[in-house]
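Here is what each chain is made of, one letter per residue.
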Amino acid sequence: MRAVVHQEFGEPSSVLEVADVPIPEPGPGEVRLRVLLAPIHNHDLWTVRGSYGFKPELPARAGTELVGVVDALGEGVTGIEVGQRVATGGAFGAWAEYVVTKAAGLIPVGDELPDEVAAQLVSMPFSAIALLESLGLESGDWMIQNAANGAVGRMVAQLAAARGINVIGLVRRDAGITELKEEGIGNIVSTESDGWAERVTELTGGAPIKAGVDSVGGSAAGDVLAQLGDGGTLVAFGAMNSPQLELSSGDLIFKQAVVRGFWGSVVARTMPADQQRVLFGELIQRAGDGSLTLPVEATYPFEEVRAAAAANFEPGRRGKILLRP
C-alpha cells in the first residue's frame, strides 16, 4: 500500500514522501481501516519536525485523524462491522491507504455527514467541546477567548452559542471582525483598536466574565485575565506567540483568579467513556444541523503531500487541508 513517511525529522514540505509499505494486519482488539480522507493538523506537522510531545522512531509514518471504512477485524472485536464507516483521531500513521487502530477509539459515522466533515470531527472539535465543557458554564454566562479567528476559536464560539453561552472573541486585526461576522460569529473585538477593553464591557453590559481561554501566550494572556470577573478562571490552551504567560499579580490576587492548563490529549485519555459518548453525540448533532461548521480549504492526493503541508501554514486559510489516498 501507499503511505506518507519521513526518513528524518525536518520541515514537512521537504521531508515527507510517499512509499510502498506492507498492508498492516489488525491484532487483538484492533481493526484495519481503509482510509477515505485524513486532515492535516499542526500537531501532525510538529511531530514530523520532531518538536512535539510525541517523537516516533525513524523512519516514521504521519497523520493521526481520518474517516475510513472498516476493512478487517482483529480477534475479540465486537460491535463493529466490516464495511462500516467510522472516524478516529488516534490512529498514528493515518496518512496511508490502510491503518490499524484500536477498535475502542472508533466513532461510527452516519450517512448524514459527508466524508469532508467526518474526517475532521474528532481531534479539534472534540478538543473544543471538551474545553468548553471543562469551563462549567451555563446558559447566559459569559466567557472570553483570544485567537477567536483560529480553528478552535471558531468551534468554541459555535458550540457555546448552541448551548446559550455568550462568547467575547478577541482578534489582533480589525479585518478579523468582518471575517468572523461572515461566518455568523459575533461579539468580536479587535485589540488593534484603542479602547478595545471598553468595547468588551459594552458587549457584556457589565456582566461578569466567568472564564477566559488563552491560545496566544505572552501579554495576550494578561489581556484575557484582566477582563475576568472575580473568581474567574483563565485556561492556557495554546502558546501561539510565546511559551510564557505575562499575568498581573494584582489581577490574580484581587480577582482571586484561577489559572490552569488544558491539553486535549490528556483530557481525551482520562475522560470517562460515557461522557465522551455524550460529547461526541453533541458534535455529530451540531455538525449535522449546521450550527458547527467544518470547512475545507483544499484536498490533496498523497503524491502532493509536501505542497499540502506548506498550504497548511499559508496565511488566510479558511478551512482544513485534507489528504486523499
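Conventions and cut-offs
Residues numbered from 1 in each chain as written. Predicted model: local features only at pLDDT ≥ 70, side-chain atom pairs only at ≥ 80, totals over all residues. Heavy atoms only, no water. Helix = DSSP H or I, 4+ residues; strand = E, 2+ residues; numbered from the N terminus. Rg over C-alpha atoms; globule rule 2.2 N^0.38 Å. Buried < 20%, exposed > 50% of the residue type's maximum accessible area, 1.4 Å probe, protein only. Contact = heavy atoms within 4.5 Å. Areas by Shrake-Rupley, 256 points an atom, 1.4 Å probe, with all protein chains shown as cover. Lys, Arg positive; Asp, Glu negative; His and termini not counted. Charge placed at Lys NZ, Arg CZ, Asp CG, Glu CD. Core = buried A, V, L, I, M, F, W, Y, C linked by side-chain atoms within 4.5 Å. Axes fitted to C-alpha atoms, helices over the stretch in contact; angles between N-to-C directions. Parallel < 35°, antiparallel > 145°, perpendicular 65-115°, else oblique. Left-handed = near helix turned anticlockwise from the far one by under 90°. Nonpolar A, V, L, I, M, F, W, Y, C, P; charged D, E, K, R; others polar. Pairing = 2+ DSSP bridges.

Colleague: Can you help me understand the overall build of the protein chain in this one?
Modeller: The number of helices and strands found in the protein chain is 12 helices and 16 strands. Against the compact-globule benchmark of 20 Å for 325 residues, the protein chain has a radius of gyration of 20 Å, which places it among compact chains. Taken across its 325 residues, the protein chain has 50% of its residues classed as buried. When contacts within the protein chain are restricted to residue pairs at least 6 apart in sequence, long-range pairs at least 24 apart make up 69% of them. Taken as a whole, the protein chain presents about 14600 Å² of accessible surface, with 50% of it coming from carbon and sulfur. Positive and negative side-chain charges in the protein chain, numbering 25 and 40 respectively, have mean positions lying 1 Å apart.

Colleague: I keep staring at the environment of Val 86 and nothing clicks. Help me out?
Modeller: Of note, Val 86 is situated in strand β6 (residues 85-88). The exposure class of Val 86 is buried, given its relative accessible area of 1%. Among residues more than four places away in sequence, those in contact with Val 86 are Leu 33, Leu 66, Val 67, Gly 68, Val 70, Leu 106, Ile 107, Pro 108 and Val 109.

Colleague: Help me understand the nonpolar core, please; the structure alone is not making it clear to me.
Modeller: Among soluble globular proteins, nonpolar side chains are generally buried collectively. By size, the foremost hydrophobic cluster in this structure holds 43 residues, and its most contacted members are Leu 113, Leu 121, Phe 126, Leu 135, Met 143, Leu 159 and Leu 283. Every element with two or more residues in this core is listed here: β3 (30-39), β5 (66-73), α3 (115-118), α4 (123-134), α5 (151-162), β12 (209-214) and α11 (273-289). In terms of residues, this core owes the most to one element, α4, which gives 7 residues. Look past the residues within four positions of Met 143 in its chain and what remains in contact with it is Leu 132, Leu 135, Leu 137, Val 156, Ile 165, Asn 166, Val 167, Ile 168, Ile 209, Ala 211 and Val 213. Counting 30 residues, the second largest nonpolar core, distinct from the first, contains Val 15, Val 31, Tyr 300 and Val 305.

Colleague: What should I look at first to understand the packing of α4 against α5 in this one?
Modeller: For any two helices packed against each other, the geometry is given by the interaxial angle and the distance between the axes. With their axes 9 Å apart at the nearest point, α4 and α5 run at an angle of 55° to one another. Relative to α5, α4 is oriented oblique. Like other packed secondary-structure pairs, α4 and α5 cross with a definite hand, here right-handed. For the pair α4 and α5, the contacting residues are Met 124, Pro 125, Ala 128, Ile 129, Leu 131 and Leu 132 in the first and Ala 151, Val 152, Met 155, Val 156, Leu 159 and Ala 160 in the second. Residues that form the contact of α4 with α5 fall into these classes: 12 nonpolar, no polar and no charged.

Colleague: Would you mind showing me how to read the sheet that holds strand β2 (residues 16-20) here?
Modeller: Two pairing modes exist for strands in a sheet, parallel and antiparallel, and in both the strands are linked by backbone hydrogen bonds. The strand order β2-β1-β4 describes an open sheet built from 3 strands, whose pairing is antiparallel. Two strands lie at the open edges of the sheet, namely β2 and β4 (60-61), each paired on one side alone. Pairing between strand β1 (residues 2-6) and β4: 2 bridges, direction antiparallel. Considered in β4, the bridge of His 6 is made with Ala 60.

Colleague: I'm lost on the sheet that holds strand β13 (residues 233-236) in this one. Help?
Modeller: The parallel open sheet is built from 6 strands, whose spatial order is β11-β10-β9-β12-β13-β14. Two strands lie at the open edges of the sheet, namely β11 (188-190) and β14 (258-261), each paired on one side alone. Averaged over all neighbouring strand pairs, the angle between strand axes comes to 20°, with direction disregarded. Where β13 and β14 come together, 4 bridges link them in parallel fashion. Counted as the bridge partner of Val 235 is Arg 260 from β14.

None of this, on its own, says anything about what the molecule does.
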